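Observations on the model geometry
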Amino acid sequence: MINSDQNFRWQKVKNGLLHFAIVNLYIQKNEKGNEIIEDYSGYKYSSDLLDVRHEGFNTWKTGLRNGLEFALSHSSDFWTIRINGFCASHMDTNATILGYTGVLAFIKETDILISNLQEVENFVFTSRNDGMIDKIPNFNELAFINEA
C-alpha cells in the first residue's frame, strides 16, 4: 500500500513549459550496499495523471532509476530505495524530469549534498527540447542516451 506521506512533488515552469512529477519512495539506510527496488503498485491522483504499474513506461522508469543511481553515487552511506510509484503527465513529464524528481526526493530524505545540482537542473530543462523528450538521461555525464 502506498503511503502518501512518502510523495515528493517537483514542478517548475521554465521557458513557458511546466516540468512536473511526483515520486513515491521509501528510503532507508542499510549496512550492506545500495539497492533500488522497483515495486510499482499503481495509483491515481486525478483523472488527468497516469496510473503507473509494473508494465509499461519503461523509458520513464529507467530515467527515474538513473536519477536515483546518480543520487546514491553522492552518498558515502548505503541505502535501500523502494520505488512505490510515480505520478506524471504526458504533457509535462519525461524520463529526465522523473529522474531529477527522484534525485530531489533522495536529497530531501537523506540530506546529502550534490555540488553540481544547479547544473543538473539546467540539464533537466533541456530535456523538453525537440528530439530530447524520448531520450534517457545520464545524470553523471549530463547527456542523453537512446532507449535502454
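About the cut-offs
Residues numbered from 1 in each chain as written. Predicted model: local features only at pLDDT ≥ 70, side-chain atom pairs only at ≥ 80, totals over all residues. Heavy atoms only, no water. Helix = DSSP H or I, 4+ residues; strand = E, 2+ residues; numbered from the N terminus. Buried < 20%, exposed > 50% of the residue type's maximum accessible area, 1.4 Å probe, protein only. Areas by Shrake-Rupley, 256 points an atom, 1.4 Å probe, with all protein chains shown as cover. Expected span 1.5 Å × (residues − 1). Contact = heavy atoms within 4.5 Å. Polar contact = N/O pair within 3.5 Å; in protein donor to acceptor, adjacent residues only side chain to side chain. Core = buried A, V, L, I, M, F, W, Y, C linked by side-chain atoms within 4.5 Å.

1. Some points on the overall build of the chain
Counting secondary structure elements, the chain contains three helices and six strands. Starting at the N terminus and ending at the C terminus, the chain contains elements arranged as β-β-β-α-β-α-α-β-β. When each of the 148 residues of the chain is scored for burial, the buried share is 47%. Counting every atom, the chain has about 7,900 Å² of accessible surface; 45% of that belongs to carbon and sulfur.

2. Comments concerning helix α1 (residues 58-72)
Helix length check: α1 (15 residues) gives 21 Å between terminal C-alpha atoms against 21 Å at 1.5 Å per residue, within 8%. Those residues of α1 not exposed but buried are Thr 59, Trp 60, Lys 61, Thr 62, Gly 63, Leu 64, Asn 66, Gly 67, Leu 68, Phe 70, Ala 71 and Leu 72. Those residues of α1 that are buried are in contact with β2 (17-30), β3 (35-38), β4 (78-87), α2 (95-110), α3 (117-126) and β5 (136-138).

3. Details of α2
In a regular helix each residue adds 1.5 Å, so 16 residues correspond to 22 Å; α2 covers 23 Å between its end C-alpha atoms and thus fits that length. Buried residues dominate α2, accounting for 14 of its 16 residues. Looking at where α2 begins, the residue whose side-chain oxygen comes 3.0 Å from the main-chain nitrogen of Thr 96 is Asn 94. Following α2 by one or two positions, Asp 111 has its phi on the positive side, about 65°.

4. Some remarks on the nonpolar core
Among the nonpolar cores identified, the biggest contains 34 residues, and Trp 10, Val 23, Leu 25, Leu 64, Phe 86 and Phe 106 are the most heavily contacted of them. Counting only elements with at least two residues in this core, the list comes to β1 (7-14), β2, α1, β4, α2 and α3. The greatest single-element share of this core, amounting to nine residues, is contributed by α2. Beyond its immediate sequence surroundings of up to four residues, Phe 106 is in contact with Ile 27, Ala 71, Leu 72, Trp 79, Ile 81, Asp 111 and Ile 112.

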